[in-house]
Structures are given as C-alpha cells and as structure tokens.
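Listed below are the residues making up each chain.
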Amino acid sequence: MRKTFQLHVEGKHPDRLVEAIKHEISKYIKRERRRDLPEGNDFWDFDCKFGAAQESAEVAQLPAINKLIDGIVKEGGKQFYVEILAKPGKRPPRPAGERAEEPPEED
C-alpha cells in the first residue's frame, strides 16, 4: 500500500475520515497476513514509511502508524503519506541451551 490520504474532504467529518483511514490500513494489514507464506518463512513482516508527503516519508514501525496519524491530525495537517509493504520473515532458531519459559504453577 502506497497512498496519500487527504484529511479534509468536503462533506465528511474529519474524525470519521480519520477512523475510516485507520480502518482501511488495518484491513490491508489483515489481508496481507492471510496470504500464503512462501516456503521456508514463518510470518509476514512489514516495511513502513510515513510522512506529510511522499518525498519526506521516513521509516516507521507498524505499531506506531496510528500514533503518527494522530500526530498529523493534531498538527492540523491536510494530508499524509503512508507506505506499507509486506515481506516474508523467518524467525531465527532458538539457541540450543535456552528453554521456553514455563508459566508459574498455581497451588
């Protein structure tokens, strides 16, 4: 997803527009995570960029996207650019001596 979202659209309430944008982004992420993984990969990872314009977009973490959108809205920005690209990821193997933590036993 590479898209510039407008925050001021005639006839739409700004708060509802922001909610719709966040919903569209989360829907895209869910759709990408449902895709079949290539052989030998464990999960879908995402490369993200965020900025007021495409030229000024900087690398961002996926969980921080909603906070960045809220920041642009508070500043009174008219638009923002978001780029979210899915890529397959592979978890590194756990070291041989390390065990998974067991939950404490209850009496």
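Conventions and cut-offs
- Residues numbered from 1 in each chain as written.
- Predicted model: local features only at pLDDT ≥ 70, side-chain atom pairs only at ≥ 80, totals over all residues.
- Heavy atoms only, no water.
- Helix = DSSP H or I, 4+ residues; strand = E, 2+ residues; numbered from the N terminus.
- Rg over C-alpha atoms; globule rule 2.2 N^0.38 Å.
- Buried < 20%, exposed > 50% of the residue type's maximum accessible area, 1.4 Å probe, protein only.
- Contact = heavy atoms within 4.5 Å.
- Pairing = 2+ DSSP bridges.
- Axes fitted to C-alpha atoms, helices over the stretch in contact; angles between N-to-C directions.
- Polar contact = N/O pair within 3.5 Å; in protein donor to acceptor, adjacent residues only side chain to side chain.
- Patch = residues over 30% accessible without salt bridge, like charges linked within 9 Å, V, L, I, M, F, W, Y side chains within 5 Å.
- Areas by Shrake-Rupley, 256 points an atom, 1.4 Å probe, with all protein chains shown as cover.
- Salt bridge = Lys/Arg side-chain N within 4 Å of Asp/Glu carboxyl O.
- Lys, Arg positive; Asp, Glu negative; His and termini not counted.
- Charge placed at Lys NZ, Arg CZ, Asp CG, Glu CD.
- Expected span 1.5 Å × (residues − 1).
- Arc of directions from axis to C-beta.

K.L.:
Could you give an account of the overall build of the chain, with specific residues and numbers?
P.N.:
When its secondary structure is counted, the chain shows two helices and four strands. Secondary structure elements of the chain occur, N-terminal to C-terminal, as β-α-β-β-α-β. At 19 Å, the chain has a C-alpha radius of gyration far larger than the 13 Å of a compact globule built from 107 residues. Projected onto the principal axes, the alpha-carbon positions of the chain cover approximately 60 × 40 × 25 Å. The 107 residues of the chain split such that 25% are buried. Put simply, of all contacts in the chain between residues at least 6 apart along the chain, 65% involve residues at least 24 apart.

K.L.:
Before we move on, could you go through the sheet that holds strand 2 (residues 43-51) and cite the residues and values that matter?
P.N.:
Ordered by their spatial adjacency, four strands build an open sheet running 1-4-2-3, and the pairing between neighbours is antiparallel. At either end of the open sheet lies a strand with only one pairing partner, and these are strand 1 (2-6) and strand 3 (58-60). Taken over all neighbouring pairs, the strand axes of this sheet differ in orientation by 30 degrees on average, direction set aside. Here strand 1 pairs with strand 4 (residues 79-89) via five bridges, running antiparallel. Residue Thr-4 lies in a different strand from strand 4, and its bridge partner there is Tyr-81. Helix-sheet contacts for helix 1 (residues 14-34) involve strand 1, strand 2 and strand 4, and the interaxial angle to strand 4 is about 15 degrees. Its contacts with the sheet put helix 2 (residues 65-75) on strand 2, strand 3 and strand 4, and the angle it makes with strand 2 is roughly 15 degrees.

K.L.:
Help me get a handle on the pairing of strand 4, residues and values and all.
P.N.:
Both strand 2 and strand 4 contribute to a ladder of nine bridges, which runs antiparallel. If you follow Asp-47 over to strand 4, its bridge partner there is Leu-85.

K.L.:
Outline the side chain of Glu-83, supporting the account with residue identities and numerical values.
P.N.:
If you trace the backbone, Glu-83 turns up in strand 4. A polar contact is formed between the side chain of Glu-83 and the side chain of Tyr-81, at a distance of 2.7 Å. Every residue in contact with Glu-83, bar those within four places of it in the chain, is listed here: Met-1, Arg-2, Asp-47, Cys-48 and Lys-49.

K.L.:
Let's hear about a positive patch on the surface: which residues, and what values?
P.N.:
Taken together, the side chains of Lys-27, Lys-30, Arg-31 and Arg-34 present a region of like positive charge at the surface. Tracing the backbone shows Lys-30 in helix 1.

K.L.:
Give me the lowdown on helix 1, citing residues and values where you can.
P.N.:
Helix length check: helix 1, at 21 residues, gives a terminal C-alpha distance of 31 Å against a target of 30 Å (1.5 Å per residue), a fit within 8%. Those residues of helix 1 lying buried are Leu-17, Val-18, Ile-21, Ile-25, Tyr-28, Ile-29 and Glu-32. End-on, the buried residues of helix 1 take up no more than an arc of 115 degrees, which puts them together on one face. Facing away from the buried side of helix 1 by over 90 degrees, the exposed positions are Lys-30 and Arg-34. Summarising the contacts, the buried residues of helix 1 are in contact with strand 1, strand 2, helix 2 and strand 4.

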